[in-house]
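The residues making up each chain are set out below.
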Amino acid sequence: MINDLYENDLGLMVGTFFSELLGYDVEVWYEKDIPQKYVEKNIEYLNNLDHEFLISICAALRRYYEAYKNMYPDLCDFVEGDVLEDYENDPLSIFKYIKIGVYTVNKCSAVNENVPVINLCGACQWSGDKGVTIVAKDNQLLYVGTWRDLNIWDSKIDAMFNYATSEKI
């Protein structure tokens, strides 16, 4: 499942896997003392997301796009095509405008080994160098917004500019 696995200069394990959801290879990073079985279990989780949960991710990405377009309309003029043109009929169409580069798997306690997690970072056409991060735990979306280096197990997830929920701050 994980291809071309090696230890990088920082002591992290790095490899690639094919994301069935995204339709391309994504790099995976994790500490070398994290069991590969745990990492692969989370990759399987990503590749087999519940449809309703996947739609909630798309809705959060839409909120992120709309907020960014509202704040920086000139920057969004450089997006190729209309991000929301096909959204109503196919919410997954919003994934055409993002490119996930890294799936980070953080170390968890033994109690949480069966809790599926997503920690994806990459680029998105509407936010330029701000990128995108999608963080979820056990089918609960925790963060969607600009790129952040978050550890799902020990970071307090900031609510500011977090589009994971539709609640206004």
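These notes cover the structure that comes with them.

1. Here's the deal with the side chain of Asn47
Tracing the chain through its elements places Asn47 in helix α1 (residues 36-47). Residue class for Asn47 comes out buried when judged on its relative accessible area of 12%. A polar side-chain atom of Asn47 sits 3.4 Å from the main-chain carbonyl oxygen of Phe18. There is a polar contact of 2.8 Å between the side chain of Asn47 and the backbone nitrogen of Glu20. In this structure Asn47 touches Phe18, Ser19, Glu20 and Leu21, once residues within four positions along its chain are discounted.

2. With respect to the pairing of strand β4 (residues 98-105)
Most of β4 sits inside the fold, with six of its eight residues counted as buried. Relative to β4, strand β3 (residues 24-31) runs parallel, the two sharing four bridges. Across the sheet, the residue bridging to Glu27 is Val102, located in β4. Examined bridge by bridge, β4 and strand β5 (residues 117-124) share five bridges and lie antiparallel to one another. Bridging from a neighbouring strand, Tyr103 pairs with Leu120 of β5.

3. Structural notes on the pattern of salt bridges
For the structure on display, the rule yields five salt bridges. As a salt-bridge pair, Lys32 and Glu7 come within 3.1 Å of each other at their nearest N and O atoms. Residue Lys32 is found in the loop between β3 and α1, and its partner Glu7 is found in strand β1 (residues 3-7); the two are separated by 25 residues along the sequence. For Glu7, a relative accessible area of 41% translates into the label partly exposed. In this structure, Arg62 and Glu88 form a salt bridge, with 2.6 Å as the shortest nitrogen-oxygen distance. In this pair, Arg62 sits in helix α2 (residues 51-71) while Glu88 sits in the loop between α3 (73-76) and β4, placing the two residues 26 residues apart along the sequence. On the accessibility criterion, Glu88 (60% relative accessible area) is exposed.

Cut-offs applied
Residues numbered from 1 in each chain as written. Predicted model: local features only at pLDDT ≥ 70, side-chain atom pairs only at ≥ 80, totals over all residues. Heavy atoms only, no water. Helix = DSSP H or I, 4+ residues; strand = E, 2+ residues; numbered from the N terminus. Buried < 20%, exposed > 50% of the residue type's maximum accessible area, 1.4 Å probe, protein only. Polar contact = N/O pair within 3.5 Å; in protein donor to acceptor, adjacent residues only side chain to side chain. Contact = heavy atoms within 4.5 Å. Pairing = 2+ DSSP bridges. Salt bridge = Lys/Arg side-chain N within 4 Å of Asp/Glu carboxyl O.

Nothing here speaks to function; it is all geometry.
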